[in-house]
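Per-entry structural report
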Amino acid sequence: MAEGEPIRSTCAYCGVGCGVLLTPGAEGLSVAGDPDHPANHGRLCSKGAALAETVGHADRLLHPQVDGIETGWDRALDHVAERFRQTLREHGPDSVAFYVSGQMLTEDYYVANKLMKGFIGSANIDTNSRLCMASTVAGHRRAFGTDTVPGTYEDLEEADLVVLVGSNLAWCHPVLCQRLAAAKAARPGLRVVNIDPRRTPTCDLADLHLPVAPGEDVALFNGLLAAIDARGATDAAYLAHVEGLDAALDTARADDPARTGLDASLLERFYGLWCRTEKVVTVFSQGVNQSTSGTDKVNAILNCHLATGRIGRPGMGPFSVTGQPNAMGGREVGGLANMLACHLELEDPVARAAVRDFWDAPRMPERPGRKAVELFRGVESGAIRALWIINTNPAVSMPEADRVRDAIAACPFTVVSDITARTDTARLAHVLLPAAAWGEKDGTVTNSDRTISRQRAALSAPGTARPDWAILAGVGQRMGWVRAFDYDGPAEIFREHATLSGVAARLGRDFDISALSDISDAGYAALSPVRWPVTATRTGGRFFGDGRFFTPSGKGRMVPVSARAPASVASADYPFRFNTGRIRDQWHTMTRSGVSPRLSRHLAEPFLEIHPDDATRLGLAPAGLADVTSPHGACVLRVLVTDRVRRGEVFAPIHWTAETAPSGRVDALVAAEVDPVSGQPESKASVVSVAPFQAAWHAFAVSALRATPRCEYWARARSEKGWRLELAGRARPMDWEATARALFDLPDATVQSVADPARGLTRLAFSENGRLVAALFVGLEPVALSREHLAGLLGDAAETPLSGRPGADMPDPGPVLCSCLNVGMNTILSAIESGDALSVEQIGTALGAGTNCGSCKPEIAALLSQAAAKEAAE
Ligand SMILES: Nc1nc2c(c(=O)[nH]1)N[C@H]1C(S)=C(S)[C@@H](COP(=O)(O)OP(=O)(O)OC[C@H]3O[C@@H](n4cnc5c(=O)[nH]c(N)nc54)[C@H](O)[C@@H]3O)O[C@H]1N2
Ligand SMILES: Nc1nc2c(c(=O)[nH]1)N[C@H]1C(S)=C(S)[C@@H](COP(=O)(O)OP(=O)(O)OC[C@H]3O[C@@H](n4cnc5c(=O)[nH]c(N)nc54)[C@H](O)[C@@H]3O)O[C@H]1N2
Ligand code: SF4
Ligand SMILES: [Mo]
């Protein structure tokens with residue numbers, strides 16, 4: 001790459017795996033979409049576009065810490081190695097565990113897996129992919145004999161029918177959604193069906209929405225399989241390569257599609273469309289995986305594609321979209337407790353011997369290790385006594401999160417590798433190891449369609465932070481395996497991994513990138529995105545169209561499956577079905593996306609979507625707060641009254657933590673019920689009760705410095721010039737000014753105040769040197785103010801901050817809808833009302849909203865249709 005040219009890398013976030021161009025400069029990093037990357041062809045979503053805002057060093061962990069004291073690497077790594085060795089000596093290999101992540105680079109992941117499975121000699125390494133892709137892995141292995149996504153992104157564009165199952169593609173895989181939307185715009189015949197109990201923004205793209213009853217996708221696809229057979233849509237020639245049709249049909253016919261709760265006529269439309277459309281792609285994600293029947297849901301889908309031979313050909317096939325940037329790479333290196341490496345199986349003695357020889361490994365486990373939920377149960381029971389958590393935040397993201405948090409806190413020895421110490425999990429560690437972050441390190445990731453791309457460093461790591469592979473190798477060497485972990489960089493690790501894939505290929509596995517085994521350092525530095533396999537004779541392409549599978553018989557397998565309801569049963573005490581998921585602009589526990597003020601504008605608080613009828617019945621006020629309780633924990637969430645969810649069902653996003661909203665940790669509510677085959681938890685179908693939170697007061701605050709309230713409810717988000725806070729409490733403090741001074745840590749600042757005790761209103765503005773540094777607005781009801789306006793006044797010589805509203809000459813833009821171009825909802829609404837803009841495109845032309853990443857287009861469309869409905873009613 002020539003001097004001054006941008007550095008080609010891959011986005012830090014989702015499994016779409018978009019290519020980015022990074023240009024470090026005096027003004028900071030600039031990030032643009034890579035027009036030459038096959039995943040995105042230059043597009044980015046709001047999160048990708050805001051990457052540059054998240055690479056600052058403000059909250060970074062800069063040096064190792066042992067028992068809260070900063071120290072050098074030698075001392076920290078010696079200590080970790082010694083404690084792991086001691087635990088092994090005293091309690092055996094299964095008393096230690098690693099809990100790792102689909103966000104690690106392949107090279108990091110490879111070293112972690114090698115250290116645990118080949119050298120420590122335990123299979124107690126599991127990953128957050130257990131909460132994410134495990135059911136798909138298990139379903140793929142049952143049907144194909146290997147965990148392989150057959151198709152490519154182009155298939156979504158070439159299909160005539162795309163079925164989205166349990167996927168909010170518009171918010172979670174936005175660039176892939178944009179590609180689908182563009183294909184549909186160019187070819188309106190392309191039909192999209194969305195299967196989701198909720199009406200999500202993804203529905204705006206759909207011709208048909210099937211609001212399936214929670215957990216009942218097996219019944220839906222069993223009904224489809226029966227319909228395929230009844231209508232003669234099976235492919236006899238392809239079925240010669242497939243076994244199990246009759247058994248699968250028997251169980252399919254025995255299921256009653258009425259379980260789906262869908263009208264017979266709606267089902268009929270869907271079945272008819274599927275049966276008569278040859279080019280069909282079924283995209284599935286967490287609505288499928290995160291279920292106690294997740295593996296069966298996957299096989300119910302795969303059965304339909306196998307029966308019709310619609311697989312591995314252009315525009316056809318089942319398509320699991322992966323969540324994390326390297327969920328796929330993790331599967332390739334064998335990061336799950338029940339896999340070995342390169343799609344080899346741990347329990348296969350031949351595979352074990354081959355990997356042992358290749359690694360020259362002293363000991364290898366013969367049985368699978370503990371899967372995530374069991375792993376933390378082992379920590380709780382004391383069976384696991386030394387734990388290393390890398391690149392994941394289980395004290396927040398595991399089901400029964402309070403229990404997991406307490407188990408980690410009680411573990412005799414916990415190491416956490418993270419980029420920041422401000423996570424709920426890092427706070428529990430004995431040893432904290434500072435990892436180099438995205439943008440600071442080199443390696444590879446594999447996206448949802450098997451494309452391997454380089455991540456490249458464009459910035460130097462702050463403090464003494466190191467890449468994860470180097471931290472792991474350092475511990476491996478100190479534990480005594482000097483040669484096995486003597487790597488001089490990620491290229492060397494990659495070559496070893498590629499060479500091992502050749503060994504696996506000779507044992508009949510499909511993951512084969514052996515043509516990259518002797519890639520030079522320069523070749524690795526310049527590696528362009530490439531879809532695996534990469535062998536002497538083949539690069540990329542699709543799988544299974546030729547009828548060749550990786551099962552013992554070489555045939556594809558249809559698996560007989562039967563519908564089961566979710567494990568948690570609603571009762572009078574817990575009458576609501578509790579669904580969880582993601583929002584557009586935040587990434588998981590927000591340690592990175594939450595740093596961006598732009599991304600924090602869209603939805604700045606934890607919330608609960610609830611149907612208007614339920615809200616009325618329970619006496620929940622719109623924008624009020626609700627107490628949400630389950631047998632496992634409690635939350636307080638902002639009420640969002642909407643008919644996007646049905647009666648009896650509620651939905652909450654997963655992103656808030658003890659750092660950002662302690663009563664918004666929704667996994668505290670989620671039951672740790674798991675799929676019997678994959679061990680994946682049912683994150684989408686717990687049961688809860690909902691009641692109004694009895695608030696004595698509500699407040700909104702802005703503060704130049706990070707402030708941590710002590711009341712029952714608070715949520716904190718970044719703004720350009722500081723922080724914004726939502727607060728509420730069950731009891732009124734005696735003295736608001738004293739409370740506010742303590743909250744903002746401003747004992748001496750000048751204060752302006754207005755109070756209306758009769759209406760319970762108090763407004764306080766604090767300034768230092770004539771500049772506004774903090775303000776608090778208290779009321780009896782949720783405070784209606786222009787939050788954007790107030791957050792913007794911080795640092796200004798604001799004369800009238802206490803009005804809480806912009807002056808008459810400055811319209812209030814309202815909550816931000818388009819985060820890329822910072823266009824508020826009120827601005828869009830007034831353009832609609834004035835008649836200036838009658839379509840999403842016209843709004844784009846007039847205001848710019850929706851013209852960059854396009855992720856907000858569904859919301860703009862919703863505003864337009866609301867306005868049209870209002871007009872019609874008037
Ligand atoms: N903005 C953003 N994007 C992300 C992420 C993020 O944190 N933020 N995370 C990434 C990761 S790791 C992942 S795994 C993906 C997840 O991507 P998705 O799976 O698309 O996202 P979720 O919101 O978890 O869940 C998808 C949908 O499943 C539905 N659902 C719930 N129960 C059922 C059911 O029984 N049947 C069906 N058919 N649907 C059901 C929910 O209502 C929800 O709308 O997103 C990735 N992309
Ligand atoms: N109820 C419910 N729970 C869920 C889900 C759900 O839909 N519903 N989804 C599940 C799914 S699919 C997933 S993937 C998980 C995600 O859950 P987690 O993996 O727990 O969430 P993240 O916030 O992505 O955690 C990543 C951590 O790694 C740190 N980090 C970032 N970069 C680096 C690095 O380069 N090196 C190291 N060592 N650390 C780094 C971050 O600061 C952060 O603390 O949540 C799961 N939990
Ligand atoms: S869709 Fe967005 S978050 Fe996902 S890889 Fe592309 S730019 Fe990043
Ligand atoms: Mo995930």
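An unreviewed UniProt entry annotates the protein chain as Assimilatory nitrate reductase (NADH) alpha subunit apoprotein originating from Tranquillimonas rosea.

1. Concerning the sheet that holds strand S5 (residues 69-70)
Strand order across the open sheet formed by seven strands is S5-S4-S16-S15-S14-S6-S7, with mixed pairing between neighbours. Edge positions in the sheet fall to S5 and strand S7 (125-127), since each has one partner strand and no second. For strand S6 (residues 96-100) and strand S14 (residues 386-390), the ladder comprises four bridges, and the chain directions are parallel. Bridging across to S14, tyrosine 99 finds its partner in isoleucine 389.

2. Concerning unusual backbone geometry
Here the residue pair tryptophan 532 and proline 533 is connected by a cis peptide bond, since its omega of 0 degrees sits within 30 degrees of zero. Looking at the secondary structure, you find proline 533 in the loop between strand S19 (530-531) and strand S20 (556-557). Phi at asparagine 391 takes a positive value of approximately 65 degrees, unusual for a residue other than glycine. One non-glycine residue with positive phi stands out, namely arginine 450, at about 70 degrees. Residue arginine 450 is classed as buried on the basis of its relative accessible area, which comes to 0%.

3. Considerations on the site of ligand 1
Around ligand 1 sit 35 residues, and of these Asp196, Gly215, Ser285, Arg582 and Gln586 come closest. Here a nitrogen atom of ligand 1 sits 3.1 Å away from a polar atom, N or O, in the side chain of lysine 47. Within the backbone of glutamine 586, one N or O atom sits 2.6 Å away from a nitrogen atom of ligand 1. Notes on ligand 1: free accessible area 920 Å², of which the protein chains cover 99%.

4. Topic: the sheet that holds strand S2 (residues 19-25)
Within a sheet, each strand pairs with its neighbour through backbone hydrogen bonds, oriented either parallel or antiparallel. Pairing in this open sheet of three strands is antiparallel, and the strands run S1-S2-S3 from one edge to the other. The open sheet has two edge strands with one neighbour each: strand S1 (7-10) and strand S3 (28-33). Looking at each pair of strands side by side, their axes are set apart by 35 degrees on average, direction ignored. Here four bridges tie S1 to S2, and the two strands are oriented antiparallel to one another.

5. Looking at the packing of aromatic side chains
Centre-to-centre distance and the angle between the planes together describe a pair of aromatic rings. Here the structure, examined in full by the defined rule, presents 23 aromatic pairs. Following the ring pairs from residue to residue traces out a cluster consisting of Phe144, Phe511, Trp532, Phe543, Phe544, Phe549 and Phe550. Above the plane of the ring of phenylalanine 651 lies arginine 198, whose end atom (NZ or CZ) is 3.5 Å from the centre. Taking the ring centre of tryptophan 723 as reference, the NZ or CZ of arginine 716 above it sits at 5.7 Å.

Procedures and definitions
Positions within a chain are numbered from 1, following the residues in the order the chain's sequence is written. Working convention: letters from A go to chains and numbers from 1 go to ligands, in the order in which they are written. Since the coordinates come from a predicted model, pLDDT governs what is reported: local features require at least 70, and pairs of side-chain atoms require 80 or more to be given and counted, while whole-chain, interface and lining totals use all residues. Hydrogens and waters are ignored; side-chain quantities use all the structure's heavy atoms. Here, a strand pair is defined by DSSP locating no fewer than two bridges between the strands. Elements are defined by DSSP. Helices are runs of H or I of four residues or more, strands are runs of E of two residues or more, and each kind is numbered from the N terminus. Relative accessibility decides the category of a residue: with a 1.4 Å probe and only protein chains considered, values under 20% of the type maximum give buried, values over 50% give exposed, and everything between is partly exposed. Whether a residue is near a molecule or strand depends on its heavy atoms: it is near if one of them lies within 4 Å of it. The definition of a polar contact used here is a pair of N or O atoms within 3.5 Å, where within protein one atom must be able to donate a hydrogen and the other to accept one, and adjacent residues in sequence count solely through side-chain atom pairs. Accessible surface is estimated by sampling points in the Shrake-Rupley manner with a 1.4 Å probe; for residues, cover comes only from the protein chains shown. Angular values range over 0 to 180 degrees, each being the angle between N-to-C directions of two axes fitted as lines to C-alpha atoms, with helices fitted over their stretch in contact. Ring pairs are drawn from Phe, Tyr and Trp, using the six-membered ring of Trp, whenever the two centres fall within 6.5 Å, and their geometry is named by plane angle: stacked under 30 degrees, edge-to-face over 60, tilted for the rest. As a reminder, the over-ring test applies to NZ of lysine and CZ of arginine, requiring each to be within 6 Å of the ring centre and within 35 degrees of the ring normal.

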